[in-house]
Amino acid sequence: AHYICLITVMRLTRPTLVGIGPIVSCEPKDLPQSFSRMVENDGIARTCAEALGAGQTMLLPQSFGNIYLGETFSSYICVHNCTTHPVEGVTVKVDLQSNTSRINLLMHENNKSSVVLTADETLDDVIRYEVKEIGTHILVCEVNYTSPAGFAQSLRKFFKFQVLKPLDVKTKFYNAEMDEIYLEAQIQNVTTGPFCLEKVELDSSEQYTVTSLNTLPNGESVFNSKNMLQPNNSCQFLYCIKPKPEIAKDIKTLREANNVGKLDIVWRSNFGEKGRLQTSQLQRLPFEYKDIRLEVLDAENIVKIGTIFTFQCRVTNTAEHAMKLHITLDTKVFPDCSYTGSSDFVLDVLQPGEMAEFPLSICPSKLGLIKVSPLLIVDTLKNEQYLINKVVEVFVVDADYHQDGTFLLNKLIRYETPIDSLTQKQVQLQVV
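All values reported here derive from a predicted model rather than from experimental measurement. (Residues numbered from 1 in each chain as written. Predicted model: local features only at pLDDT ≥ 70, side-chain atom pairs only at ≥ 80, totals over all residues. Heavy atoms only, no water.)

1. Structural notes on the overall build of the chain
Phase 1 of the analysis: Along its length, the chain carries three helices and 32 strands.
Phase 2 of the analysis: For the chain, with 432 residues in total, the buried portion stands at 37%.
Phase 3 of the analysis: Put simply, 73% of the contacts in the chain that link residues at least 6 apart link residues at least 24 apart. (Helix = DSSP H or I, 4+ residues; strand = E, 2+ residues; numbered from the N terminus. Buried < 20%, exposed > 50% of the residue type's maximum accessible area, 1.4 Å probe, protein only. Contact = heavy atoms within 4.5 Å.)

Printed below as a string of structure tokens:
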């Protein structure tokens, strides 16, 4: 078929850097005549032209190239009247069809006055769209017009391309004390070129607050200033997640609050092209609360040997029935215990969801890191026993120890969930 109008589609993308091959240095008299004339007319390159050295140069795109999820697809659309006659009633429609949707990107249409293309005239525009799905995409271009003979004509063209995944994101969760959750996110570059991570943030859900652990005490990032990732390289980010007070005090609500937030990732290619993705909702590990829950509220990190060490505890009734708890911490049954002390008392009746606080005291008898355990809790109403294998850990130092700043211990994390219960989860990426 012979068409009066032609459609041309060109992808708009940045150039690439390519090498120009080995650099040869020579004397001025050995330079080719054409190059000598060029150098003489160039005021910048004239100096030391005999030792001219060039590295990489920019190359205009030679192919369609790769398109990655979260990037902006840009194309130049041109409709050309290739005859010597004017063409009336020209309309242009451009749709982008994916596996699940069809989106209109361009509509050139005027119902009040007919669009006319004179001989050799063009109707062109630039379309931009942030791709939101992985897989096959088809750019559908349709032109409708009226021929000089007055017949309605139409022309359609299809341009197929693939959208690839740019990032591979893996997450690790583990539960710590006081309902704290720690998230480690690993981000891997699975593109064919390097890119710079501009932003990696965890946007918390309504039930949680997030503290980023990716900065030093002075506010500087733990990473390099550019966060450059080469192909197949990866880096890790760490976050501390805490439930809001109104959520933490209600055990039932806390058990149901599984969504902690989404990772928001922004990157740029080596020529500044921007991409942005969000993960799906990240879900924490479930808190394993049985019938009771024990928390350490206040405990020293470092104590001196032979000094009484007192720490505050809180116990919560997470069962559906009332409890009357008998608490025992007895070191006499453990001859090799690293501390001395004894506690034996009964709390008032705790209704479901209620809590009570109590102090425990020991006297360390050995140097080093010691573990206070076990704590025996007995529900005297139902005669059920609960054994807490690890209550708290403390570092015991010599009696003449002075904390002068050269020997400082960070806060000891006392896990309610063992580290070996960590899980690794692949998360789904989606466009913001």
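2. With respect to the sheet that holds strand S21 (residues 302–304)
Phase 1 of the analysis: The strand order across the open sheet built from three strands is S21-S30-S27, with neighbouring strands paired in mixed fashion. With one partner strand each, in any of the chains shown, S21 and strand S27 (368–372) form the two edges of the open sheet. When the angles between neighbouring strand axes are averaged without regard to direction, this sheet yields 40°.
Phase 2 of the analysis: Judged from the three bridges that link them, S21 and strand S30 (residues 392–397) form a sheet pairing that is parallel. Counterpart to Lys-304 in the pairing with S30 is Val-397. (Pairing = 2+ DSSP bridges. Axes fitted to C-alpha atoms, helices over the stretch in contact; angles between N-to-C directions.)

3. Some words on the sheet that holds strand S7 (residues 102–108)
Phase 1 of the analysis: On the basis of which strands lie adjacent, the open sheet formed by five strands has the order S4-S10-S9-S6-S7 and mixed pairing. The open sheet has two edge strands, strand S4 (67–68) and S7, and neither has a second partner.
Phase 2 of the analysis: Inspection of the sheet shows strand S9 (residues 135–146) paired to strand S10 (residues 152–164) by 12 bridges, in the antiparallel sense. For Tyr-145, the partnering residue across the bridge sits in S10 and is Gln-153.

4. A closer look at the environment of Ala-399
Phase 1 of the analysis: Note that Ala-399 resides in the loop between S30 and strand S31 (423–426).
Phase 2 of the analysis: The spatial distance from the C-alpha of Ala-399 to the C-alpha of Leu-367 is 9.9 Å, given a sequence separation of 32 residues.
Phase 3 of the analysis: The residues contacting Ala-399, other than those within four sequence positions of it, are Lys-304 and Ile-305.

5. Let's talk about the side chain of Ser-343
Phase 1 of the analysis: Locating Ser-343 in the fold gives a position in strand S25 (residues 342–346).
Phase 2 of the analysis: The residues contacting Ser-343, other than those within four sequence positions of it, are Ile-327, Thr-328, Leu-329, Leu-360 and Ser-361.

6. Side note on the confidence of the model for the chain
Regions with low pLDDT carry predicted coordinates that are not meant to be interpreted in detail.
Phase 1 of the analysis: Residues with a pLDDT of 70 or more make up 77% of the chain, whose mean pLDDT is 79.
Phase 2 of the analysis: Within the chain, the element-level pLDDT minimum falls on S31, averaging 53, and the maximum on strand S12 (residues 181–189), averaging 93.
Phase 3 of the analysis: This model gives residues 46–53 a pLDDT under 50, and the stretch forms 14 contacts once residues within four places in sequence are excluded.
Phase 4 of the analysis: Ignoring residues within four places in sequence, the model shows residues 404–423, a span with pLDDT below 50, making 41 contacts including any to other chains. (pLDDT = per-residue confidence, 0-100.)

7. Thoughts on the pattern of salt bridges
Phase 1 of the analysis: Tallying each qualifying case throughout the model produces 11 salt bridges.
Phase 2 of the analysis: Glu-142 is paired through a salt bridge with Arg-156; the nearest N and O atoms lie 4.0 Å apart. Note that Glu-142 is positioned in strand S9 and Arg-156 in strand S10, a separation of 14 residues in sequence.
Phase 3 of the analysis: Residue classification places Glu-142 among the partly exposed positions, given a relative accessible area of 23%.
Phase 4 of the analysis: One salt bridge in this structure joins Glu-198 and Arg-268, with 2.6 Å as the shortest N-O distance. Taken together, the positions of Glu-198 in strand S13 (residues 195–204) and Arg-268 in strand S17 (residues 259–269) put the pair 70 residues apart, joining distant regions of the chain. (Salt bridge = Lys/Arg side-chain N within 4 Å of Asp/Glu carboxyl O.)

8. Considerations on the side chain of Ser-205
Phase 1 of the analysis: In this structure, Ser-205 sits in the loop between S13 and strand S14 (208–212).
Phase 2 of the analysis: Side-chain polar atoms of Ser-205 contact the backbone oxygen of Asn-259, separated by 2.7 Å.
Phase 3 of the analysis: In contact with Ser-205, other than residues within four places in its own chain, are Asn-259, Val-260 and Gly-261. (Polar contact = N/O pair within 3.5 Å; in protein donor to acceptor, adjacent residues only side chain to side chain.)

9. Side note on the pairing of strand S29 (residues 384–388)
A regular strand carries its side chains on alternate faces of the sheet.
Phase 1 of the analysis: Note: strand S28 (residues 375–379) against S29, five bridges, orientation antiparallel. Bridge pairing links Leu-375 to Ile-388 in S29.
Phase 2 of the analysis: Hairpin connection between S28 and S29: a loop of four residues separates the two successive antiparallel strands, and Asn-383 in this loop has a positive phi of roughly 55°.

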